[in-house]
Amino acid sequence: RMASILNETLARRAFDKIRPALELMMRQAMPDRAGCAIVVAATPAIDPAPGKDAAHFRERCHLVTSIGDLSRSPYPNMEIALKKAEMSARTGLPTAALAAHHLLAGDTVYSGSAVLEGIVVACAGLEPRDDEMFSHWIAAAVKAEASRALAGYLADKSDADFLD
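Residues numbered from 1 in each chain as written. Predicted model: local features only at pLDDT ≥ 70, side-chain atom pairs only at ≥ 80, totals over all residues. Heavy atoms only, no water.

Some remarks on the sheet that holds strand β1 (residues 35–42)
Overall, antiparallel pairing links the four strands, which are arranged β2-β1-β4-β3 in an open sheet. Since the sheet does not close on itself, it has two edges, and those belong to β2 (63–68) and β3 (113–116), each with one partner. Strand-to-strand twist in this sheet, taken as the mean axis angle between neighbours without regard to direction, amounts to 15 degrees. Relative to strand β4 (residues 119–124), β1 runs antiparallel, the two being bridged by six bridges. Within β4, the position partnered with V39 by the bridge is A122. With respect to the sheet, helix α3 (residues 77–91) is in contact with β1, β2, β3 and β4, its orientation differing from that of β4 by roughly 150 degrees. Its contacts with the sheet put helix α4 (residues 128–156) on β1, β3 and β4, and the angle it makes with β4 is roughly 145 degrees. (Pairing = 2+ DSSP bridges. Helix = DSSP H or I, 4+ residues; strand = E, 2+ residues; numbered from the N terminus. Axes fitted to C-alpha atoms, helices over the stretch in contact; angles between N-to-C directions. Contact = heavy atoms within 4.5 Å.)

The following block contains the structure:
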């Protein structure tokens, strides 16, 4: 039985495929950055969560991980990435596109997330433009992995009229 195509296993598999490229880029193009926090979530259209309690947002994320050593940064990058993802999941918009009227008390002042057809990814630890770039790459990898998973499911159940 397939509970949901977008889940923790799929998000991890997608991230693991592009992680080496992200690590290489950090080493070569951003050597002054020690680490990057990464969060994969979804908008309510894809992942209708019971309630909208922000305190439980992390539990609803499909992936919460990092590259490098977050402890070497003076910023709370994991908390910032989680907040960016929460803001994008709440609004359906990347943080760089949020107008002032979208912001709530406790929201981060930093941008650096992507929303791709309901897939939400946020990164923190680089410059905001680079957090956004990494977020888009990871979101595209998650979308491709979801497409691959669906194709595999349909190949195995070619007579299915509905997902089970």
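Still more ground to cover, so stick around.
Examining the packing of helix α1 (residues 8–29) against α4
To characterise two packed helices, one gives the angle between the axes of the helices and the distance between these axes. One can describe the packing of α1 onto α4 by two numbers: an axis separation of 8 Å at closest approach and a directional angle of 145 degrees. Crossing of α1 over α4 shows right-handed handedness. Along the contact surface, α1 presents L10, R13, A14, F15, K17, I18, L22, M25 and M26, while α4 presents M133, F134, W137, I138, A141, V142, E145, A146, R148 and A149. Here the residues of the contact of α1 with α4 are counted per class, giving 15 nonpolar, no polar and four charged. (Left-handed = near helix turned anticlockwise from the far one by under 90°. Nonpolar A, V, L, I, M, F, W, Y, C, P; charged D, E, K, R; others polar.)

Digging into the pattern of salt bridges
Inspection of the entire model under this criterion finds 12 salt bridges. The partner of D32 in a salt bridge is R33, with the nearest N and O atoms 3.9 Å apart. Residue R33 is classed as partly exposed on the basis of its relative accessible area of 26%. Measuring nitrogen to oxygen at the nearest pair gives 3.4 Å for the salt bridge that ties K157 to D164. (Salt bridge = Lys/Arg side-chain N within 4 Å of Asp/Glu carboxyl O. Buried < 20%, exposed > 50% of the residue type's maximum accessible area, 1.4 Å probe, protein only.)

Some thoughts on the nonpolar core
Judged by nonpolar contacts, the single largest core of 26 residues is most densely connected at F134, I138 and V142. Taken together, the elements giving at least two residues each to this core come down to α1, β1, β2, β4 and α4. By size, the runner-up hydrophobic cluster in this structure holds 15 residues, among which are A41, A81, L82 and A122. (Core = buried A, V, L, I, M, F, W, Y, C linked by side-chain atoms within 4.5 Å.)

Quick notes on α3
In this model α3 runs 21 Å from its N-terminal to its C-terminal C-alpha over 15 residues, within 8% of the 21 Å that 1.5 Å per residue would give. With 12 of 15 residues buried, α3 is to be regarded as a mostly interior element. Those residues of α3 lying buried are N77, M78, I80, A81, L82, K83, K84, A85, E86, M87, S88 and A89. Elements in contact with the buried residues of α3: β1, α2 (57–60), β2, β3, β4 and α4. Within two residues after α3, G92 carries a phi angle of roughly 80 degrees, on the positive side. (Expected span 1.5 Å × (residues − 1).)

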